[in-house]
Amino acid sequence: MSEQAVTAQSEDFSSWYNEIVYRADLAAPSPVRGCVIIKPYGYEIWEGIKSGLDRRFKATGHQNAYFPLFIPESYIKREAQHVEGFSPELAVVTHAGGKELEEPLVVRPTSETVIGEAFSDWIQSYRDLPLLINQWSNVVRWELRTRPFLRTAEFLWQEGHTAHATHDEAEEETLQMLDIYADFAIEDAAIPVIKGEKSRMERFAGALRTYTIEAMMRDKRALQSGTSHNLGQNFAKAFDIQFLTEANTQEYCWTTSWGLSTRMVGAVVMTHGDDKGLRLPPKLAPYQLVIVPIYRRDAQRTAVLETVERLRKSFEAANLRVHVDLREGQSPGFKFNDWEMRGVPLRVEIGPKDVENNNAVLARRDVMGREGKQFVSQDDVVAVARELLVDIQRNLLEDAREFRDAHIQDASSYDELRAIVAEGEWARAFWDGSDDDELAVKDETGATIRCFPFEQPDAQGACVYSGRSAEKVALFAKAY
RNA sequence: CGGGGCGUGGCGCAGCCCGGUAGCGCGCACGGUUUGGGUCCGUGAGGCCCCCGGUUCAAAUCCGGGCGCCCCGACCA
């Protein structure tokens, strides 16, 4: 029976993650190196992420469009830093239709270039601005080491691309989208992300400024969960995106781009999961509750299933996502464990005694054992379930926040920083170092600057590495 | 690309050293039993033993070559 248990998180987090991804049926290995098959249960989580974001994008005036998967190789080369940043990980099509192509086609690693080219055609005047476009797509980056959802050769994401008349408008957009990511992460995914700005080193290839939401996983490693870039006029110049101002002068646009990927599924797994498996936040859970019928023999079966069916309808009428586990030949105990592993927030048990007493048993995934279990009248079960789901959503966020805050420490010297990072924790420290200093810290400690958080202390301080006076604190952590 | 490991039913593995009927656990199918915390018993289906070549009466096993995958590092959402 021991084979049925998942490797404990505390024992080997990375094995835990891999096992749970496959056993919870989120993904399956694919025939192609570095790629995965996203199975229905995993894809539904992604669909929840999509709809949560898409709703927010639309509400802020963005429209969806779709650009080609293939990009002429020459496009990629037009923005100098961009080529440098992406070249090593490009997949390139050299043959098609039985012959060699005149110009190789790059499978998009991101679409700034094609979209930039299109924008240069679409934008003539200040009246065409701002242009606010988003696309849901797949992209390919030939990473050397891959892990399901966290880093795969092909992944799904959304990439927003916008063009504006002024630097300030572009900056405002960049920050607005970061806020949207953070709002989604906190409210829907129950992941308490930290908003901040990336260092020069970690900046997107070709961007003026890169903002990020950083999350702490259950092994205390950092995960960049979404990014928003102010591209300045770099891409506008490379792709000739100009507009005529009100004063009849030609100017380059200011553009932005922002993306969030299927990596977020991995973030959900690693933020909330425990030794038993997944714990899905109700807002993203494919099934918010699962009903497990319990019966012996046919006489009880009929009565139990009638009740179950009636309850299923009431849950559905209340717009709750409910699943009934009708599998035959599987014991209730097996099913309890199975759904706990798959992270369903609430379990409803209906047995002969419950039918008799007009009761239902509700068991919450986030509070295991007796404590999380309660008997409720069938008349109230929908209302109670509703409240519990809200509470579970809140509790997961709270839990993650407490965990995160307990593992971020201030470092006032480089020695302290080293010690903190060596313990696997995040270090918060004043920073005014050079790129080389940052690299040195990475070499020496394994930690990188995750971001300069927006929330800053009032005081100034001395840079933890260079000793120079520094305006800002940075967060250092080992990252995925 | 540097270092290590592994390719055997769907999954996880044993067998290989010492050549001779391909095996175990899980899963799957069927029958019974059980069902309020991972039931138990029985029957059964399922295998180019990574590929190519060599040695041999005989190769999963020995020899040569190739391919693939995984792990650790440098690169990354």
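Residues numbered from 1 in each chain as written. Chains lettered and ligands numbered in written order. Predicted model: local features only at pLDDT ≥ 70, side-chain atom pairs only at ≥ 80, totals over all residues. Heavy atoms only, no water.

**Quick notes on the nonpolar core**
Part 1 of the argument: Counting 53 residues, the largest nonpolar core has Leu 26 and Ile 49 as the members making the most contacts within it.
Part 2 of the argument: Of all the secondary-structure elements, those providing two or more residues to this core are helix 1 (13–23), helix 2 (40–59), helix 6 (167–187), strand 10 (209–216), strand 14 (254–261), helix 8 (263–272), strand 15 (289–293) and helix 10 (332–341).
Part 3 of the argument: Counting residues per element, this core draws most heavily on helix 6, which supplies seven residues.
Part 4 of the argument: Here this core spans two domains, and each of domain 1 (2–272) and domain 2 (289–391) adds at least three residues to it.
Part 5 of the argument: One finds Ile 71, Ala 163, Ile 241 and Phe 243 within the second-largest nonpolar core, a separate group that totals 28 residues. (Core = buried A, V, L, I, M, F, W, Y, C linked by side-chain atoms within 4.5 Å. Buried < 20%, exposed > 50% of the residue type's maximum accessible area, 1.4 Å probe, protein only. Helix = DSSP H or I, 4+ residues; strand = E, 2+ residues; numbered from the N terminus. Domains from an automatic or database assignment.)

**Thoughts on helix 2**
Residues that lie three or four places apart on an α-helix share one face, since the helix turns once every 3.6 residues.
Part 1 of the argument: Along its 20 residues, helix 2 runs 28 Å from first to last C-alpha, staying within 8% of the 28 Å computed at 1.5 Å per residue.
Part 2 of the argument: Every buried residue of helix 2 is accounted for by Tyr 41, Gly 42, Ile 45, Trp 46, Gly 48, Ile 49, Gly 52, Leu 53, Asp 54, Arg 56 and Phe 57.
Part 3 of the argument: Taken from the residues just after helix 2, Gly 61 is the one with a positive phi, measuring 85°. (Expected span 1.5 Å × (residues − 1).)

**Digging into the protein's contact with RNA strand B**
Part 1 of the argument: The environment of RNA strand B is formed by 37 residues, the closest being Arg 145, Arg 151, Arg 263, Ser 331 and Asp 354.
Part 2 of the argument: Looking at RNA strand B alone, sugar and phosphate atoms form 46% of those within 4 Å of the protein.
Part 3 of the argument: In the environment of RNA strand B, a base nitrogen lies 2.5 Å from a nitrogen or oxygen atom belonging to the side chain of Glu 340.
Part 4 of the argument: Gly 351 places a polar main-chain atom, nitrogen or oxygen, 3.4 Å from a base oxygen of RNA strand B.
Part 5 of the argument: Taken together, the elements giving at least two residues each to the surface near RNA strand B come down to helix 10, strand 17 (346–350) and helix 11 (352–357).
Part 6 of the argument: Tallying contributions element by element places helix 10 first for the surface near RNA strand B, with six residues.
Part 7 of the argument: Looking at the surface near RNA strand B residue by residue, the classes come out as 12 nonpolar, eight polar and 17 charged. (Near = heavy atom within 4 Å. Polar contact = N/O pair within 3.5 Å; in protein donor to acceptor, adjacent residues only side chain to side chain. Nonpolar A, V, L, I, M, F, W, Y, C, P; charged D, E, K, R; others polar.)

**Here we look at the environment of Ala 215**
Part 1 of the argument: One can find Ala 215 in strand 10.
Part 2 of the argument: Among the residues examined, Ala 215 registers a relative accessible area of 0% and is labelled buried.
Part 3 of the argument: Sequence separation between Ala 215 and Thr 271 is 56 residues, and the spatial gap between their C-alpha atoms is 8.1 Å.
Part 4 of the argument: Residue contacts for Ala 215: discarding those within four places in its chain leaves Ile 191, Val 193, Arg 221, Ala 222, Leu 223, Ser 225 and Trp 426. (Contact = heavy atoms within 4.5 Å.)

**Quick look at the pairing of strand 11 (residues 222–232)**
Part 1 of the argument: Burial analysis of strand 11 places 10 of its 11 residues in the buried class, which makes it a mostly covered element.
Part 2 of the argument: Here strand 10 folds back onto strand 11, and the loop between the two strands holds five residues, one of which, Lys 220, carries a positive phi near 75°.
Part 3 of the argument: Where strand 11 meets strand 14, five bridges bridge the pair, whose relative direction is antiparallel. Considered in strand 14, the bridge of Ser 228 is made with Trp 258. (Pairing = 2+ DSSP bridges.)

**A look at the layout of surface pockets**
Part 1 of the argument: Approximately 1,600 Å³ is the volume found for the largest pocket.
Part 2 of the argument: Lining the largest pocket we find 50 residues, and of these Glu 89, Arg 141, Glu 143, Glu 202 and Gln 224 sit closest to its centre.
Part 3 of the argument: Looking at the lining of the largest pocket, the elements with two or more residues in it are helix 4 (80–86), strand 8 (154–164), strand 11, strand 14, helix 14 (435–445) and strand 22 (448–453).
Part 4 of the argument: Class assignment for the residues of the lining of the largest pocket results in 18 nonpolar, 17 polar and 15 charged.
Part 5 of the argument: Looking at the lining of the largest pocket, you find at least three residues from each of domain 1 (2–272) and domain 3 (408–477). (1 Å grid on protein atoms, 1.4 Å probe; cavity = no way out; pocket = protein on both sides within 12 Å on 5 of 7 lines; lining within 4 Å. Points joined across faces, edges and corners; volume = space filled by probe spheres on them.)

**A few points about helix 1**
Part 1 of the argument: Considered for burial, the residues of helix 1 that qualify are Phe 13, Trp 16, Tyr 17, Ile 20 and Val 21. Buried residues of helix 1 fall within an arc of 125° about the axis and therefore sit on the same side.
Part 2 of the argument: Residues of helix 1 that are buried make contact with strand 1 (27–29), helix 8 and helix 10.
Part 3 of the argument: Where helix 1 ends, the next residue or the one after it, Asp 25, has phi of about 70°, a positive value. (Arc of directions from axis to C-beta.)

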